[in-house]
Amino acid sequence: MDGNGRWAKKKLLPRLVGHSKGLQSVRKIIEYCIKYNVNTLTIYAFSTENWKRPIKEVDGLIKLFSESISRESKKIHSNNIKLKFIGDTSIFTEPLQLKIKEIERETSRNKRLILNVALNYGGRLDIVNSVNSFYENQKIIKKITEKNINSGLYTKGQFDVDLLIRTGGQQRMSNFLLWQSAYAELYFSKKLWPDFDEKVFVNALYFFQNTERKFGSI
Ligand code: FPP
């Protein structure tokens, strides 16, 4: 969801206004996923590196997450969406952690769309945590397999990433779902995240549909 800051700057507005506008694009992409039968959507809301931003922006972002979880939780549940937070959420305040646990529990049986929200998430952290949890749970240390690592990731039990969309014009992964995206198709759009719309989404789907996936074969 890249480009919130630039969107705001272009309009001479504070960066946080860009993030609020970006939240509207989150609502839009959820609607499109339901409309086009996508079964899992993961949004990268806050990375393990985003703490380097000015404290005012970090606090504003966390307030935005917290308020929107409270405000949207009923709507998420009534739309049959299963909400899951991926990343190390233990760093957040107790009330926010409780809110996260409560909505995860409430929506855990929902089937229409899995919505993963990556908060304090890093792909490297995900892999390291998975390996450590495997060692912690085993008495005898043996060779770790791909299956072991899969089963310890925040996304355990979910499919690998098929299509990764990045807005804002940069063409990099920025530590997002590194393991899960091993065979993902990568779609980059120059649109800034607050300007994300159905056309960008459908173009990304067309791109995916017209790509021959080989998974290493010929
Ligand atoms: C990247 O744009 C965006 C973020 C780090 C934050 C994204 C968060 C939201 C859109 C709010 C989502 C809310 C919930 C509840 C999930 P940037 O700031 O790096 O933009 P720039 O590259 O133009 O500076």
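Residues numbered from 1 in each chain as written. Predicted model: local features only at pLDDT ≥ 70, side-chain atom pairs only at ≥ 80, totals over all residues. Heavy atoms only, no water.

## Some words on the environment of Ile 76
Phase 1 of the analysis: Structurally, Ile 76 is set in helix H3 (residues 55–78).
Phase 2 of the analysis: Distance in space between the C-alpha atoms of Ile 76 and Leu 113 is 9.8 Å, their sequence separation being 37 residues.
Phase 3 of the analysis: Aside from chain neighbours lying at most four places away, what touches Ile 76 is Ile 81, Leu 83, Ile 103, Thr 107 and Asn 110. (Helix = DSSP H or I, 4+ residues; strand = E, 2+ residues; numbered from the N terminus. Contact = heavy atoms within 4.5 Å.)

## Some words on the sheet that holds strand E3 (residues 113–121)
Phase 1 of the analysis: If you trace the three strands from one edge of the open sheet to the other, you get E1-E3-E2, paired in parallel fashion. Pairing within the sheet leaves two strands with one partner each, and these edge strands are strand E1 (40–47) and strand E2 (81–86). When the angles between neighbouring strand axes are averaged without regard to direction, this sheet yields 15 degrees.
Phase 2 of the analysis: The pairing of E2 with E3 spans six bridges and is parallel. Residue Lys 82 lies in a different strand from E3, and its bridge partner there is Ile 114.
Phase 3 of the analysis: In the packing of helix H4 (residues 94–106) onto the sheet, contacts are made with E2 and E3, and the angle to E2 comes to roughly 145 degrees. (Pairing = 2+ DSSP bridges. Axes fitted to C-alpha atoms, helices over the stretch in contact; angles between N-to-C directions.)

## Some thoughts on the site of the ligand
Phase 1 of the analysis: Surrounding the ligand, one finds 19 residues, the nearest of these being Asp 2, Arg 6, Arg 15, Arg 53 and Ser 68.
Phase 2 of the analysis: At 2.9 Å from an oxygen atom of the ligand is found a side-chain nitrogen or oxygen belonging to Asp 2.
Phase 3 of the analysis: Residue Gly 3 places a main-chain N or O atom 3.2 Å away from an oxygen atom belonging to the ligand.
Phase 4 of the analysis: Coverage of the ligand by the protein amounts to 89% of the 630 Å² it exposes when considered alone.
Phase 5 of the analysis: Put simply, the parts of the chain that give the shell around the ligand at least two residues each are helix H1 (4–10), helix H2 (15–35), E1 and H3.
Phase 6 of the analysis: For the shell around the ligand, the per-class residue count stands at eight nonpolar, seven polar and four charged. (Near = heavy atom within 4 Å. Polar contact = N/O pair within 3.5 Å; in protein donor to acceptor, adjacent residues only side chain to side chain. Areas by Shrake-Rupley, 256 points an atom, 1.4 Å probe, with all protein chains shown as cover. Nonpolar A, V, L, I, M, F, W, Y, C, P; charged D, E, K, R; others polar.)

## What to know about H2
Phase 1 of the analysis: The end-to-end C-alpha distance of H2 is 30 Å, a good match for the 30 Å that 21 residues give at a rise of 1.5 Å each.
Phase 2 of the analysis: For H2, the complete set of buried residues consists of Gly 18, His 19, Gly 22, Leu 23, Ser 25, Val 26, Ile 29, Ile 30, Tyr 32, Cys 33 and Ile 34.
Phase 3 of the analysis: Turning to H2, the residues buried within the fold contact H1, E1, H3, E2, E3 and helix H7 (198–209).
Phase 4 of the analysis: Asn 37 sits one or two residues past H2 and shows a positive phi near 60 degrees. (Expected span 1.5 Å × (residues − 1). Buried < 20%, exposed > 50% of the residue type's maximum accessible area, 1.4 Å probe, protein only.)

## Details of the nonpolar core
Phase 1 of the analysis: Counting 33 residues, the largest nonpolar core has Ile 30, Leu 41, Phe 85, Leu 115, Val 117 and Leu 119 as its most contacted members.
Phase 2 of the analysis: The set of elements that each furnish at least two residues to this core consists of H2, E1, H3, E2, H4, E3 and H7.
Phase 3 of the analysis: Once residues lying within four places of it in the same chain are set aside, the contact partners of Leu 41 are Ile 29, Ile 30, Cys 33, Leu 113, Ile 114, Leu 115 and Asn 116.
Phase 4 of the analysis: By size, the runner-up hydrophobic cluster in this structure holds nine residues, among which are Tyr 44, Ile 86, Tyr 121 and Val 161. (Core = buried A, V, L, I, M, F, W, Y, C linked by side-chain atoms within 4.5 Å.)

## Observations concerning the packing of aromatic side chains
Phase 1 of the analysis: In the structure shown here, the tally under the stated rule is 13 aromatic pairs.
Phase 2 of the analysis: Taking 6.3 Å as the distance between ring centres and 35 degrees as the angle between the ring planes, the aromatic pair formed by Tyr 32 and Phe 196 counts as tilted. On the criterion of sequence distance, the pair formed by Tyr 32 in helix H2 and Phe 196 in the loop between strand E5 (185–188) and H7 is long-range, its members being 164 residues apart. Both residues of the pair, Tyr 32 and Phe 196, count as buried.
Phase 3 of the analysis: Aromatic side chains Tyr 187 and Phe 207 sit 5.2 Å apart centroid to centroid with 50 degrees between the ring planes, which places their arrangement in the tilted category. Taken together, the residues Tyr 187 in strand E5 and Phe 207 in helix H7 connect sequence positions 20 residues apart. (Phe/Tyr/Trp six-rings, centres within 6.5 Å; stacked < 30°, edge-to-face > 60°.)

## Let's talk about the environment of Leu 205
Phase 1 of the analysis: Here Leu 205 is to be found in helix H7.
Phase 2 of the analysis: The contact partners of Leu 205, leaving out residues within four places of it in the chain, are Tyr 36 and Leu 163.

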